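Residues per chain are reported as follows:
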Amino acid sequence: MPIQKSALYSGLFPVAPTPFTDSGGIDLEGQRRVLDCMIDQEVDGICILANYSEQFLLTDEERRLLVDLCLSHVGGRKPVMVTCSHFSTRIAMERARYATERGASLLMLMPPYHGAGLRVDEASMIEHFARVADAARIPIMVQDAPLSGVTLSVPFLVRLAREVPLVSYFKIEVPFAAAKLRNLIEAGGEAIAGPFDGEEAITMMADLEAGATGTMSSALCPDLLRAVIDHHKAGRSAEAAAAYAKVLPLINYENRQCGLRAAKSVMREGNVIKCEAVRHPLEQIHPKTRAGLVELARGVNPLALSWGR
């Protein structure tokens, strides 16, 4: 029976940070609190083990631990997307199968890459995604991000969606994302069930106007993006733009000054987590950068800033 594509998932799907203890281990209770805070932020779903979760600094055992913990703790309250990217098709398949068996609703996958020199051709990329899809049998989101260094053209993404039916969601976070989203939607038609943007939602308004049906921000302030999504979906473009303008300085500061540290710092300030450290060799946030972040956050008061107080 052919798989029927439908836009089951849309809206706010922020990335959950991975909190660590002062000694560098995973803070399991902190992770539960992060998830509870995100659910209270009125998200539509949660993504775990993404780059903003510091997935590249986690061991395989820690990944499995986090899949088990997150899916069991969320307990169906929100759909959970699990990132399973790896250069090895076999390892990506194993990750996908494990996540599916534990209740993941969908997966996120980058194209195979390893450093600047190891790339594969388009036929191999399609086979990579097809094998993961066969192993998981749940929808897959393609992460189209500069980090991989792999160029994913619109014709290729449309071909991938048509040849691998479970590949129906696309996170576009490259330069000129709105133009690429618009071209992808026009070229792919019904094969493109879920066009999303990313990169902390820094281009969110343009991307929504281009046809994006969802955004993957960090966990810093998705509650403040709720109004943007809801107004835009209801056709209230001016109200959506006003809501976005209110939060844009904070998102810009996150994107340009803090990166994945921002959500952790604000969650620490709001007593969601006890420790905001990132793992070495990433540098910790500079105290003055942190102060600027918190000042901007206080101006718009995201839930993460007060959730644990």
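Each remark here, short or long, concerns the structure printed above.
Residues numbered from 1 in each chain as written. Predicted model: local features only at pLDDT ≥ 70, side-chain atom pairs only at ≥ 80, totals over all residues. Heavy atoms only, no water.

(A) Broad picture of empty space enclosed by the protein. Overall, the coordinates contain 1 cavity of 30 Å³ or more when judged by the stated rule. Taken as a whole, the largest cavity spans an internal volume of roughly 50 Å³. Ala16, Pro17, Thr18, Gln31, Ile48, Leu49, Ser53, Leu66 and Cys70 are the residues that line the largest cavity. When grouped by side-chain class, the residues that make up the lining of the largest cavity number 6 nonpolar, 3 polar and no charged. (1 Å grid on protein atoms, 1.4 Å probe; cavity = no way out; pocket = protein on both sides within 12 Å on 5 of 7 lines; lining within 4 Å. Points joined across faces, edges and corners; volume = space filled by probe spheres on them. Nonpolar A, V, L, I, M, F, W, Y, C, P; charged D, E, K, R; others polar.)

(B) Region of interest: the pattern of salt bridges. For the structure shown, the criterion picks out 20 salt bridges. The shortest N-O distance in the salt bridge between Arg32 and Glu29 comes to 3.4 Å. Of this pair, Arg32 and Glu29 both sit in helix H1 (residues 28-40), 3 residues apart, roughly one helical turn. Assessed through its relative accessible area of 29%, Arg32 is described here as partly exposed. Residue classification places Glu29 among the partly exposed residues on the basis of a relative accessible area of 45%. With a shortest N-O distance of 2.9 Å, Arg77 and Asp36 are connected by a salt bridge. Note that Arg77 is positioned in the loop between helix H2 (60-74) and strand E3 (80-83) and Asp36 in helix H1, a separation of 41 residues in sequence. Overall, the relative accessible area of 42% leaves Arg77 in the partly exposed class. Residues participating in the shared-partner salt-bridge network are Glu269, Glu276, Arg290, Arg298 and Arg309. (Salt bridge = Lys/Arg side-chain N within 4 Å of Asp/Glu carboxyl O. Helix = DSSP H or I, 4+ residues; strand = E, 2+ residues; numbered from the N terminus. Buried < 20%, exposed > 50% of the residue type's maximum accessible area, 1.4 Å probe, protein only.)

(C) Here's a closer look at helix H9 (residues 237-258). For H9, spanning 22 residues, the distance from its first C-alpha to its last is 29 Å, which sits close to the expected 32 Å at 1.5 Å a residue. Those residues of H9 that fall on the buried side of the exposure criterion are Ala240, Ala243, Tyr244, Val247, Leu250, Ile251, Tyr253, Glu254, Asn255 and Cys258. Elements in contact with the buried residues of H9: helix H7 (204-209), helix H8 (222-233), helix H10 (261-269) and helix H11 (287-300). Positive backbone phi, approximately 65°, marks Gly259, located one or two places after H9. (Expected span 1.5 Å × (residues − 1). Contact = heavy atoms within 4.5 Å.)

(D) Focus on the nonpolar core. The biggest cluster of nonpolar side chains holds 95 residues, and the ones touching the most others in it are Ile46, Ile48, Val82, Leu107, Phe170 and Met267. Broken down by element, the residue count for this core peaks at 8 residues, all from H9. With near-sequence residues (within four places) excluded, Val82 lies in contact with Ile48, Leu49, Val67, Ala99, Ala104, Leu106, Leu107 and Met108. Within the second largest apolar cluster, 12 residues are counted, among which are Phe13, Val15, Cys47 and Tyr169. (Core = buried A, V, L, I, M, F, W, Y, C linked by side-chain atoms within 4.5 Å.)

(E) Layout of the packing of H1 against H2. Where H1 contacts H2, the two axes come as close as 10 Å, and the packing angle between them is 45°. Between H1 and H2, the interaxial angle falls into the category oblique. Both H1 and H2 take part in a crossing whose hand is right-handed. For the pair H1 and H2, contact is made by Leu28, Gln31, Arg32, Leu35, Asp36 and Ile39 and by Leu65, Leu66, Leu69, Cys70, His73 and Val74, respectively. Tallied by class, residues from the contact of H1 with H2 come to 8 nonpolar, 2 polar and 2 charged. (Axes fitted to C-alpha atoms, helices over the stretch in contact; angles between N-to-C directions. Parallel < 35°, antiparallel > 145°, perpendicular 65-115°, else oblique. Left-handed = near helix turned anticlockwise from the far one by under 90°.)

(F) Representation of unusual backbone geometry. Looking along the chain, the bond that leaves His280 and enters Pro281 is cis, with omega of 15°. With respect to the helices and strands, the residue Pro281 is situated in the loop between H10 and H11.

(G) Spotlight on helix H6 (residues 177-188). If you check H6, its first and last C-alpha atoms are 16 Å apart, about what 12 residues at 1.5 Å a residue would give, namely 16 Å. Taken residue by residue, H6 has Ala177, Ala178, Lys180, Leu181, Leu184 and Gly188 as its buried positions. Down the axis of H6, the sector holding all buried residues measures 165°, keeping them to one side. Next to the buried residues of H6 lie strand E5 (140-144), helix H5 (154-163), strand E6 (167-172), strand E7 (194-197) and H7. Gly189 lies just past H6 and shows a positive phi near 55°. (Arc of directions from axis to C-beta.)

(H) Region of interest: the environment of Pro111. Tracing the backbone shows Pro111 in the loop between strand E4 (106-109) and helix H4 (122-136). A C-alpha to C-alpha distance of 7.6 Å links Pro111 and Gln143, two positions 32 residues apart in sequence. Sequence-distant contacts of Pro111, that is, excluding residues within four places in its chain, are made with Met125, Phe129, Gln143, Ser148, Val150 and Leu152.

(I) A look at the pairing of E5. Counting buried positions along E5 gives 5 out of 5 residues, so the element sits mostly inside the fold. Judged by which residues are buried, E5 turns out to be covered on both faces: Ile140, Val142 and Asp144 on one side and Met141 and Gln143 on the other are all buried. Here E4 pairs with E5 via 3 bridges, running parallel. Within the sheet, the bridge partner assigned to Leu109 lies in E5 and is Val142. In this fold, E5 hands off to H5, which returns the chain to E6; that crossover is right-handed. (Pairing = 2+ DSSP bridges. Right-handed = clockwise from strand over helix to strand, strands pointing away.)

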